[in-house]
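Each chain, written out:
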Amino acid sequence: MALLTPNDLININRQLQEADSVVQKVTGLDIKDVCQALYGTSPLSEKVGIVPVTSGNGIIGNFSASLHAITQYFGFDSFVTDMPDVSGYYEAVQNGAEIILMADDHTFLAHNIKNGKMANNQPCTGVIYAEIASRYLKADSKDVLVMGLGKVGFPGAAQLVQKGFRVYGYDPDARLLKRAVSDLGVIPLDPANPKKFSTIFEATPCANTIPEAVLSENCVLSTPGIPCAISEELRKKYDVQLVAEPLGIGTASMLYSVL
Ligand code: NAD
Ligand code: 2YJ
Ligand code: MG
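Residues numbered from 1 in each chain as written. Chains lettered and ligands numbered in written order. Predicted model: local features only at pLDDT ≥ 70, side-chain atom pairs only at ≥ 80, totals over all residues. Heavy atoms only, no water.

1. With respect to the sheet that holds strand β11 (residues 241–243)
Read from one edge to the other, the open sheet built from six strands follows the order β8-β7-β6-β9-β10-β11, with strand pairing classed as parallel. Because the sheet does not close on itself, it has two edges, and the strands there are β8 (187–188) and β11. Here strand β7 (residues 166–170) pairs with β8 via two bridges, running parallel. Residue pairing across strands places Gly169 opposite Pro188, the latter belonging to β8. (Pairing = 2+ DSSP bridges. Helix = DSSP H or I, 4+ residues; strand = E, 2+ residues; numbered from the N terminus.)

2. Details of helix α9 (residues 248–257)
Of all 10 residues in α9, 10 are buried; the element is thus mostly enclosed. For α9, every residue scored as buried is listed here: Gly248, Ile249, Gly250, Thr251, Ala252, Ser253, Met254, Leu255, Tyr256 and Ser257. (Buried < 20%, exposed > 50% of the residue type's maximum accessible area, 1.4 Å probe, protein only.)

3. Focus: the site of ligand 1
Near ligand 1 there are 23 residues, and of these Lys151, Val152, Asp171, Leu176 and Glu245 occur at the shortest range. Val152 is positioned such that a nitrogen or oxygen atom in its backbone is 2.8 Å from an oxygen atom of ligand 1. The contact in question runs from an oxygen atom of ligand 1 to an N or O atom on the backbone of Ile226, over 3.1 Å. Its free accessible area being 870 Å², ligand 1 has 81% of it covered by the protein chains. (Near = heavy atom within 4 Å. Polar contact = N/O pair within 3.5 Å; in protein donor to acceptor, adjacent residues only side chain to side chain. Areas by Shrake-Rupley, 256 points an atom, 1.4 Å probe, with all protein chains shown as cover.)

4. Looking at the site of ligand 2
Residues in close proximity to ligand 2 total 15 residues, the closest being Val53, Ile60, Ala103, Asp104 and Asn121. Here a nitrogen atom of ligand 2 sits 2.8 Å away from a polar atom, N or O, in the main chain of Val53. At 2.8 Å, a backbone N or O of Ala103 approaches a nitrogen atom of ligand 2. Contact with the protein chains hides 91% of the accessible area of ligand 2, taken as 470 Å² for the molecule alone. Residue classes in the shell around ligand 2 are distributed as 11 nonpolar, two polar and two charged. (Nonpolar A, V, L, I, M, F, W, Y, C, P; charged D, E, K, R; others polar.)

5. Quick look at the pairing of strand β1 (residues 47–50)
Looking at chain direction, β1 and strand β2 (residues 77–80) are connected through four bridges and run parallel. Within β2, the position partnered with Ile50 by the bridge is Val80. Handedness of the β1-helix α3 (residues 63–73)-β2 crossover: right-handed. In this structure, β1 lies alongside strand β3 (residues 99–103), joined through three bridges in parallel fashion. Bridged to Gly49 within β3 is Ile100. (Right-handed = clockwise from strand over helix to strand, strands pointing away.)

6. Examining the confidence of the model for the protein chain
Here the protein chain shows a mean pLDDT of 97. Residues at 70 or above account for 100%. At the level of chain-chain contacts, confidence expressed as ipTM amounts to 0.98, with global pTM at 0.98. (pLDDT = per-residue confidence, 0-100.)

7. With respect to the packing of helix α5 (residues 121–134) against helix α6 (residues 153–162)
Packed helix pairs are specified by the crossing angle of their axes together with the interaxial distance, meaning the distance between the axes. Contact pair α5 / α6: the axes reach a minimum separation of 7 Å and the direction vectors enclose 40 degrees. The orientation of α5 with respect to α6, classified from their angle, is oblique. Viewed along their axes, α5 and α6 form a crossing whose handedness is right-handed. The residues of α6 that touch α5, namely those facing Pro123, Gly126, Val127, Ala130, Glu131 and Ser134, are Pro155, Gly156, Gln159 and Leu160. (Axes fitted to C-alpha atoms, helices over the stretch in contact; angles between N-to-C directions. Parallel < 35°, antiparallel > 145°, perpendicular 65-115°, else oblique. Left-handed = near helix turned anticlockwise from the far one by under 90°. Contact = heavy atoms within 4.5 Å.)

8. Notes on a nonpolar patch on the surface
A surface patch of nonpolar side chains, about 210 Å² in accessible area, is lined by Tyr89, Val93 and Ile113. Note that Tyr89 resides in helix α4 (residues 85–94). The exposure class assigned to Tyr89 is partly exposed, which follows from its relative accessible area of 31%. (Patch = residues over 30% accessible without salt bridge, like charges linked within 9 Å, V, L, I, M, F, W, Y side chains within 5 Å. Salt bridge = Lys/Arg side-chain N within 4 Å of Asp/Glu carboxyl O.)

9. Re the nonpolar core
Leu101 and Leu247 are the most contacted members of the largest nonpolar core, which totals 54 residues. For this core, the leading source of residues is α5, giving six residues. When we break this core down by domain, the ones giving at least three residues each are domain 1 (6–120 + 250–258) and domain 2 (123–245). Residues in contact with Leu101, not counting those within four places in the same chain, are Val48, Gly49, Ile50, Val51, Leu67, Thr71, Phe108, Leu109, Ala110, Thr251, Met254 and Leu255. Residues Val214, Leu215, Leu221 and Tyr238 belong to the second largest nonpolar core, which totals 16 residues. (Core = buried A, V, L, I, M, F, W, Y, C linked by side-chain atoms within 4.5 Å. Domains from an automatic or database assignment.)

This is the structure in structure tokens:
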């Protein structure tokens, strides 16, 4: 699993603000409005405890600080514990946290200890990036392309299917593509015979996954994937509206889902 790096998280506030303005331009809603529409919830200044975790590859510089900035941005009352791990969890609960945020190398979770709801970053990220794509006001049809059908892409594809989109998908892992076809009714994109899309959702850990042949002028590319799915050159050539941000949009989706 790809881990975030401190570099990905530099200037998280600015990255989030820039992503929010693209989301507004594309959907007419800001990120918190999309979360509210998706989950039917809104924060009442819930207290969020952010617990650094040292296991595996250990603390990622900027990770807890970025979660602090992100939770504040979305109107939560949050704090980072002084201690990590079990002692940090104890400290968070002792200090009144209602929602715990913490991540190891495999799982990034939000747990609302008042109502018992729990969220996992990967499906929550897939669902919100897909939801943003689905709300493109100038989409030319209900066709959407999903590139990458893994832990983030599959739940995003499911969200699009559930919203009545005709979902084309591709993953080089034949088992994952087959699962999306049989479980969701995804239409496999034939790389040898591509078509153009006005709406694309991408969730892979690879660069340059979007072939030029699928891009249309002013299309939306909603992608949590790191590194970015498209070169700056292609983005400019097709005036692509790029929704891409390393942590905040997915975290907002997790938090709203446990309210
Ligand atoms: P995953 O490994 O479960 O799935 C990725 C899938 O992409 C794999 O099935 C792989 O076969 C496929 N893939 C690889 N190359 C491809 C290509 N050229 N075309 C189409 N598909 C291709 O990973 P994941 O957990 O779903 O995460 C996907 C990406 O999203 C990672 O980069 C991860 O770091 C990132 N992520 C970002 C956020 C965020 O908030 N921005 C949150 C969670 C995950
Ligand atoms: O507390 C810390 O600083 C670290 N233990 C954070 C680890 C963050 N984990 C990841 O980046 C993994 N990829 C798991 C999260 C999945 C969402 N991308
Ligand atoms: Mg995100």
